[in-house]
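# Close look at the chain arrangement
Chain by chain, the residues run as shown.
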Amino acid sequence: RPRADLAGEWVVTGHTPGRGDYSGTAMISDDGTGGYTAAYRLEYSDGTWFDGRSKAIVYTGYEWRGTSDLGGQDVREVFALDESGNRLRGRWFLAAHSETGGDFVAERAGGTPRIVALSPAALRVGAKQTVTVIGVGLDGVPDFGAGTASRVLARDSHRIVVEVAVDANAAPGLRQAAVGAVKGATPVALYPRVERIAVEPSYAIARVGGGRIDPVAAQFEAVGYASVPGADGRAVDVRLGALAARWETAAFNEQAVRDRDPEFSGRIDGSGRFLPAVGGPNPARRFSGNNVGNLSVVARVSDGGREVTGTSHLIVTVQRWNTPPIY
């Protein structure tokens, strides 16, 4: 395939587990030596801005491998350009902790007006919610269909932030968002309640630290699902995205109970990030064992006066002394 020219403005969307959705722009420039530089201007859905600059080699014209300063952190980028040459997709992660990072999608800013993404893409019946509509050439007030009312809170060249009020009598189901004559390709779900919680990932490994070896953390999210009528009237399972949750760990099996693994292996914080304990023999443990463990990770989500829970499996194991690069 011929080498794609990546220079120009790109519309960026993404998600950082434990932190939330973000969007913004990337201005990519040819550095004159066969590589590229990028200047990022990004914002999380809670209104927190962060900037960054990147320098990348693009192998074969399509495989982006970058090093960046993103929000003051040393970051690595592993992206790939699609066949059209108009979408760049991949993952970024901290140079020192590859387990910490986020998803990244960028589309060229030019071309036909279009809705690129919605954050979130699900609306609860009978509630008000802030939605960010990300796109190209959008002009007008976003419309989410019958039973909804939108009020623009802020806008710039590629984003419209709206407050969406959904009537208590609005019919649950899948809708098509629109901004003027521009229709969204991804359906919006109006849902009455959270049916279940899936803790993601469903299985993870963390590693204790100690000495010159940093611990390897594990990040979890409580992802909600709801059941709504589909186009044919049959119920479909709709992903609602990451929800706020209360987090705790528990012994995964009887052996973990006897070994008191939740007490020694580490702790989980309010964002769902598990922080392992320090490694090495622990005289407080049976046989002075290491601070490893076999844990269940439990997320508890409050939903309209009821509690919905989900679980995941976490192994806390020993240090990895030689970590090969993944990029």
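Below is a summary of the structure that appears in this document. (Residues numbered from 1 in each chain as written. Predicted model: local features only at pLDDT ≥ 70, side-chain atom pairs only at ≥ 80, totals over all residues. Heavy atoms only, no water.)

### Here we look at the packing of aromatic side chains
Counted under the stated rule, the structure contains seven aromatic pairs. Ring centres of Tyr40 and Phe104 lie 6.1 Å apart, and the angle between their planes is 75°; on these two criteria the pair is classed as edge-to-face. Remark: Phe104 occurs in strand β8 (residues 101-108) and Tyr40 occurs in strand β3 (residues 35-44); sequence separation between them is 64 residues. Given a relative accessible area of 4%, Phe104 falls into the buried group. In textbook terms, an aromatic cluster arises when at least three aromatic residues are bridged by ring pairs, as seen for Tyr36, Tyr40, Trp64, Phe79 and Phe104. Lying over the aromatic face of Trp49, Arg41 brings its terminal NZ or CZ to 4.1 Å of the ring centre. The ring of Tyr225 has Arg196 sitting right over it, with the charged end atom 4.1 Å from the ring centre. (Phe/Tyr/Trp six-rings, centres within 6.5 Å; stacked < 30°, edge-to-face > 60°. Helix = DSSP H or I, 4+ residues; strand = E, 2+ residues; numbered from the N terminus. Buried < 20%, exposed > 50% of the residue type's maximum accessible area, 1.4 Å probe, protein only. Lys NZ or Arg CZ within 6 Å of the ring centre and 35° of its normal.)

### Quick look at the nonpolar core
Within soluble globular proteins, side chains that are nonpolar tend to cluster in buried spots. Phe220, Trp247, Phe274 and Leu314 are the most contacted members of the largest nonpolar core, which totals 27 residues. Every element with two or more residues in this core is listed here: β18 (188-191), β19 (196-200), β20 (203-207), β22 (221-229), β23 (235-243), β27 (293-303) and β28 (306-317). Of all the elements, β27 adds the most residues to this core, at four residues. Setting aside anything within four residues of it in sequence, one finds Leu314 in contact with Ala204, Ile205, Ala206, Ala218, Phe220, Phe274, Gly293, Asn294, Leu295 and Val297. (Core = buried A, V, L, I, M, F, W, Y, C linked by side-chain atoms within 4.5 Å. Contact = heavy atoms within 4.5 Å.)

### Brief notes about unusual backbone geometry
Looking along the chain, the bond that leaves Ser119 and enters Pro120 is cis, with omega of -5°. Along the chain, Glu200 connects to Pro201 via a cis peptide bond; the corresponding omega equals -5°. Not every positive phi belongs to a glycine, and Ser288 is a case in point at roughly 55°. By the secondary structure assignment, Ser288 is in the loop between β26 (273-276) and β27.

So far we have only geometry, and geometry alone does not tell us how the molecule works.
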